[in-house]
Amino acid sequence: MKRTTTGISSKLVALLAGAAMFGLVSQSALAAGTQSGTSISNTATLNYSVGSVTQTAITSAAAAFTVDDKVNVLVAGGVITNVTPGQSSAVTPFTVTNNGNATQGYALAAADAASGAYTVNATPITDNFNPVPAYKIYVDTNANGVLDAAELGAGVVTSIPTLAAGATVNLLVLTDIAASPTRVNGDAAVVSLKASTLWPTPLVASEEPAAVVAGAVVVNTAGANTAGVDVVFADAAGAVEAATDGAHSTYGAFKVVSSALSVAKIVTVICDPINGSTNPKNIPGAVVQYAVTITNGVGAASATLTTVTDTLVAQLGFEPKLINGAGAGTLCSSATGTAQSATTGFSAVRGTGTTTTTYAAPGAAAQATTAGATIAGQAITIDFATLAGTAYGAADAVLPANSYVTVYFNAIVQ
């Protein structure tokens, strides 16, 4: 029988052969039943006697048949892979398993799903964008779900040249999550991976019908059973194709899991030189407190905060003790008010939830910062890599989902 490798990557043939040798392609010799092309032959023997004399046994002619080729491919492993906006070379895993009883090859195709609702690995998900560029497929030789340097170097594949009965190949589908337009938390791109059965490269003559061509599409045998190897499609319906068509597919997805940050700034007048802290007004000499709150929404990815900057306008002066305004009349000043932070002039708190904290709560001296909040001239800088304090805790720039950070400082109306 003529064997050819037309249209099949010799690099992938070598890669898969090496993977099988070192156990990187899983195999189970008994998983698919009796091997295609096996000749099964047996006879019947009659034992008898005439009178009381045993006669020579009579053996029938052999009844023989050839085991046909059961084509049954399974594509599985589709999962929802979390990605971030602007991420390049994001991958999601799949597996292709030969559940038939003969060595086969497979053509591979990854495609965008249309916008709409899908189920991926038993989880509902809604597709609302298509990644750019087009999907690429790689062999995940060590099955770790990561596109390693050697796997990337082996190159993109469009087919599996040869896969023994009962064996599985791990694949990775790669794309980029474009930074523009900006993808937001919860956006998703659903992708299908389809494997269509081909004759293997190289051919395995003992398992196949006569006169097939390596790499050609396998065709279901029509009509009555023949004496040779017939082909029977036994695959189940997949994500994008019907049952018993020699192909199978499933869905995977890329889901954007990003931070959902918001920044709010409020101002509260806490005292003035005439009214003190009783019904104060925003007159010159009044002290106002600013609260800057950064919130990360429910279900979002954790965010690593860097800095917040805030430049006071010329009509404001920084009040260095973060006074709370206790007292009346002319006591609204750094010299006479109750100091919350005589060291830095800032306080900070953090907590769970998305409620913005105001002056009335907390506004306590115990929340004074010890580091990470500074002013130079009129320019205020909050550095979350070093921000620390008794109530805030040790420096920690990570803001988890459903949590907030609030920083306070005072200014004097000029």
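Let me begin by describing the structure that accompanies this report. (Residues numbered from 1 in each chain as written. Predicted model: local features only at pLDDT ≥ 70, side-chain atom pairs only at ≥ 80, totals over all residues. Heavy atoms only, no water.)

**Some remarks on the overall build of the chain**
Across its full length, the chain holds two helices and 31 strands. Relative to all contacts within the chain whose residues are 6 or more apart in sequence, the contacts with residues 24 or more apart total 71%. Taken as a whole, the chain presents about 19,000 Å² of accessible surface, with 58% of it coming from carbon and sulfur. (Helix = DSSP H or I, 4+ residues; strand = E, 2+ residues; numbered from the N terminus. Contact = heavy atoms within 4.5 Å. Areas by Shrake-Rupley, 256 points an atom, 1.4 Å probe, with all protein chains shown as cover.)

**Looking at the pairing of strand S28 (residues 379-383)**
Only one face of S28 is buried, namely the one carrying Ile 380 and Ile 382, since none of Ala 379, Thr 381 and Asp 383 on the opposite face is buried. Inspection of the sheet shows strand S23 (residues 307-311) paired to S28 by five bridges, in the antiparallel sense. For Val 308, the partnering residue across the bridge sits in S28 and is Ile 382. Pairing analysis gives four bridges linking strand S27 (residues 373-376) to S28, with the strands arranged antiparallel. Of the residues in S28, the one forming a bridge with Ile 375 is Ile 380. (Buried < 20%, exposed > 50% of the residue type's maximum accessible area, 1.4 Å probe, protein only. Pairing = 2+ DSSP bridges.)

**Regarding the packing of aromatic side chains**
Taken as a whole and assessed by the stated rule, the structure comprises five aromatic pairs. Aromatic side chains Tyr 135 and Phe 254 sit 6.3 Å apart centroid to centroid with 10° between the ring planes, which places their arrangement in the stacked category. Placement of the pair is Tyr 135 in the loop between strand S13 (123-127) and strand S14 (136-139) and Phe 254 in strand S19 (residues 247-256), with a sequence separation of 119 residues. With a relative accessible area of 0%, Phe 254 lands in the buried category. Feature note: the residues Tyr 290, Phe 318, Phe 346 and Phe 409 constitute an aromatic cluster, connected by ring pairs. In this structure, Lys 265 packs its charged tip against the face of Tyr 290, placed 4.5 Å from the ring centre. Taking the ring centre of Tyr 392 as reference, the NZ or CZ of Arg 350 above it sits at 4.0 Å. (Phe/Tyr/Trp six-rings, centres within 6.5 Å; stacked < 30°, edge-to-face > 60°. Lys NZ or Arg CZ within 6 Å of the ring centre and 35° of its normal.)

**Considering the environment of Val 217**
With respect to the element layout, Val 217 can be found in the loop between strand S17 (188-198) and strand S18 (231-233). For Val 217, a relative accessible area of 58% corresponds to the exposed category. Each C-alpha atom of the pair Val 217 and Trp 199 lies 6.4 Å from the other, and the pair is 18 residues apart in sequence. If we skip the residues at most four places from it in the chain, Val 217 touches Thr 197, Leu 198 and Trp 199.

**Quick look at the nonpolar core**
Grouped together as the largest cluster of nonpolar side chains are 26 residues, with contacts concentrated most on Val 96, Leu 108 and Leu 171. Elements represented by at least two residues in this core include exactly strand S8 (73-76), strand S10 (90-98), strand S11 (104-112), S14, strand S15 (159-163), strand S16 (168-175), S17 and S19. Among the elements that take part in this core, S17 stands out by supplying four residues, more than any other. One finds Ile 294, Leu 305, Phe 346 and Phe 384 within the second-largest nonpolar core, a separate group that totals 25 residues. (Core = buried A, V, L, I, M, F, W, Y, C linked by side-chain atoms within 4.5 Å.)

**Section: a nonpolar patch on the surface**
A grouping of Leu 46, Tyr 48, Val 50 and Ile 58 is seen on the molecular surface, where their side chains present a nonpolar patch of about 360 Å² in accessible area. Turning to its location among the elements, Val 50 is positioned in strand S3 (residues 49-50). (Patch = residues over 30% accessible without salt bridge, like charges linked within 9 Å, V, L, I, M, F, W, Y side chains within 5 Å. Salt bridge = Lys/Arg side-chain N within 4 Å of Asp/Glu carboxyl O.)

**Notes on the state of the cysteines**
Within the structure shown, the criterion is met by one disulfide. The residue that forms a disulfide with Cys 271 is Cys 332, at a sulfur-sulfur distance of 1.9 Å. Here the disulfide of Cys 271 and Cys 332 is right-handed, its torsion about the S-S bond being about 65°. On the criterion of sequence distance, the pair formed by Cys 271 in strand S20 (residues 261-271) and Cys 332 in the loop between strand S24 (316-319) and strand S25 (346-352) is long-range, its members being 61 residues apart. (Disulfide = S-S within 2.5 Å.)

**A look at the pattern of salt bridges**
With the rule as written, the count across this model stands at two salt bridges. Its salt-bridge partner being Asp 187, residue Arg 183 comes within 3.0 Å of it at the nearest N-O pair. The burial state of Arg 183 is the same as that of Asp 187; both residues are buried. Residue Asp 310 is joined to Lys 265 by a salt bridge in which the shortest nitrogen-to-oxygen separation is 2.5 Å. One end of the pair, Asp 310, is in strand S23; the other, Lys 265, is in strand S20, with 45 residues separating them in the sequence.

**Some remarks on the side chain of Asp 235**
Relative to the helices and strands, Asp 235 is located in the loop between S18 and S19. Lacking a salt bridge, the buried Asp 235 has Lys 194 as its closest oppositely charged neighbour, with an N-O distance of 9.3 Å. For Asp 235, the residues in contact, after removing those within four places along its chain, are Val 71, Asn 72, Val 73, Ala 242, Ala 243, Thr 244, Asp 245, Gly 246 and Ala 247. (Lys, Arg positive; Asp, Glu negative; His and termini not counted.)

**A few points about unusual backbone geometry**
When glycine is set aside, most residues are seen to have a negative phi, and most peptide bonds are trans. A cis amide bond links Val 132 to the next residue, Pro 133, at an omega of 5°. Its location among the elements puts Pro 133 in the loop between S13 and S14. A cis amide bond links Thr 201 with the next residue in sequence, Pro 202, at an omega value of 0°. Tracing the chain through its elements places Pro 202 in the loop between S17 and S18.

**Re the sheet that holds S11**
In space, the five strands of this open sheet follow the order S9-S19-S17-S11-S15, with mixed pairing throughout. Edge positions in the open sheet fall to strand S9 (80-83) and S15, since each of these has one partner strand only. Strand-to-strand twist across the sheet, computed as the mean angle between neighbouring axes with direction ignored, equals 25°. Relative to S15, S11 runs antiparallel, the two sharing three bridges. Its bridge partner lying in S15, Ala 107 is registered against Ser 159. (Axes fitted to C-alpha atoms, helices over the stretch in contact; angles between N-to-C directions.)

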